Amino acid sequence: MKKSTSTFTRPLKSIAKLATIASILAASFNVFAEPIEIKFSHVVAENTPKGQMALKFKELIEQRLPGEYVVNVFPNSQLFGDNNELAALLLNDVQFVAPSLSKFERYTKKLQIFDLPFLFEDMAAVDRFQQSESGQKLLNSMNRKGVVGLGYLHNGMKQFSANDPLTVPKDANGKKFRIMASDVIAAQFDAVGAIPVKKPFSEVFTLLQTRAIDGQENTWSNTYSMKFYEVQSHITESNHGVLDYMVVSSNTFWKGLPADKRAVFKTSLDEAIALGNKIAAEKDNEDRQAIIDSKRSQLVTLTQADRQQWVNAMKPVWAKFEDQIGKDMIDAAQAASTK
């Protein structure tokens, strides 16, 4: 006895209905699912190049992946300080950080190149080196430690500040200077008879205000935004080093992103970094002038002869760290300054 066609089509219709219901339920679930939280922690103010970069990254991700991800930015060491943000990254307590290049010393010695005094002539030279094959290679120098470098962010050239004018190296003798946790920077101050004191960035203003330290080194942007100029009577325009950052994530988080989402993250981050670097260039001059106009701190301008004394005193630091960094890297950085 033949079964009617309708007998066979009923199960098919039922299956189709179930599939439709399942897809509707899945869509409804996606609509009401909580977006994945991404934490971006940094230690400086929101009005700095780094602060603006992080906020731009947040804007782009939430615009391009609406409802899928929410980026929460924590400035001014609100979430983690500069001594523990990388450890927090590896524990996945935060997904993005942008420490100064000095902070990676325990993960790779190669990045110490950016702390060498008087290596780069100006920010254009820094950028040429970072975008070169050698500079891009350094982004991957911490992969074995679980850290992936995603891009360089500028802040600017560093200046010395103190409660007395620093004109020649002997003026720094015996003075205490706050430094980041960097063996190269410690050696830099040792070379001029100063006393390097490793302290978190968040404590610098109080240390200067209470005269627990005599001075510090920083960019115009950080010196202005953190009001260091209000508690330092003199700033020496030395341009002796660079203070840049590397935006990093953990290998676990980064590789765990779906490939299509990771591409969006990388594109958005590149655009945010480009904005941050543009702001850094603009703020360098603006904040320098704002400090001068405030009349709270006196600008010390070095003659070529005075500056050469600083170069001569600090250049031996290069040889001390050449084996750790690599002579080829130092040569590549020097070449970037001569173009």
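Our subject is the structure that appears above.
Residues numbered from 1 in each chain as written. Predicted model: local features only at pLDDT ≥ 70, side-chain atom pairs only at ≥ 80, totals over all residues. Heavy atoms only, no water.

**Topic: the nonpolar core**
Within soluble globular proteins, side chains that are nonpolar generally end up buried alongside one another. Core analysis: the largest hydrophobic core is formed by 53 residues, its most contacted members being Phe-40, Met-53, Phe-57, Phe-96, Phe-265 and Trp-310. Take this core: its biggest share by element is 5 residues, from strand 4 (residues 147-162). Residues within four places of Phe-265 in sequence aside, it is in contact with Ile-38, Phe-57, Ile-61, Leu-65, Tyr-69, Phe-96, Trp-254 and Leu-257. Counting residues in hydrophobic clusters, the runner-up holds 37 residues, among them Val-94, Phe-104, Leu-139 and Val-248. (Core = buried A, V, L, I, M, F, W, Y, C linked by side-chain atoms within 4.5 Å. Buried < 20%, exposed > 50% of the residue type's maximum accessible area, 1.4 Å probe, protein only. Helix = DSSP H or I, 4+ residues; strand = E, 2+ residues; numbered from the N terminus. Contact = heavy atoms within 4.5 Å.)

**Looking at the pattern of salt bridges**
Tallied over the full model, the rule gives 14 salt bridges. Across the pair Arg-64 and Glu-271 runs a salt bridge, and its minimum N-O distance is 2.8 Å. One end of the pair, Arg-64, is in helix 2 (residues 49-64); the other, Glu-271, is in helix 10 (residues 259-294), and 207 residues separate them in sequence. Owing to a relative accessible area of 32%, Arg-64 belongs among the partly exposed residues under this scheme. Since its relative accessible area comes to 35%, Glu-271 is described here as partly exposed. A salt bridge links Glu-217 to Lys-158; the shortest N-O distance between them is 2.9 Å. With Glu-217 in strand 7 (residues 215-218) and Lys-158 in strand 4, this pair connects stretches of sequence that are 59 residues apart. The buried category is assigned to Glu-217, whose relative accessible area is 6%. (Salt bridge = Lys/Arg side-chain N within 4 Å of Asp/Glu carboxyl O.)

Worth remembering: the numbers are spatial, not functional.
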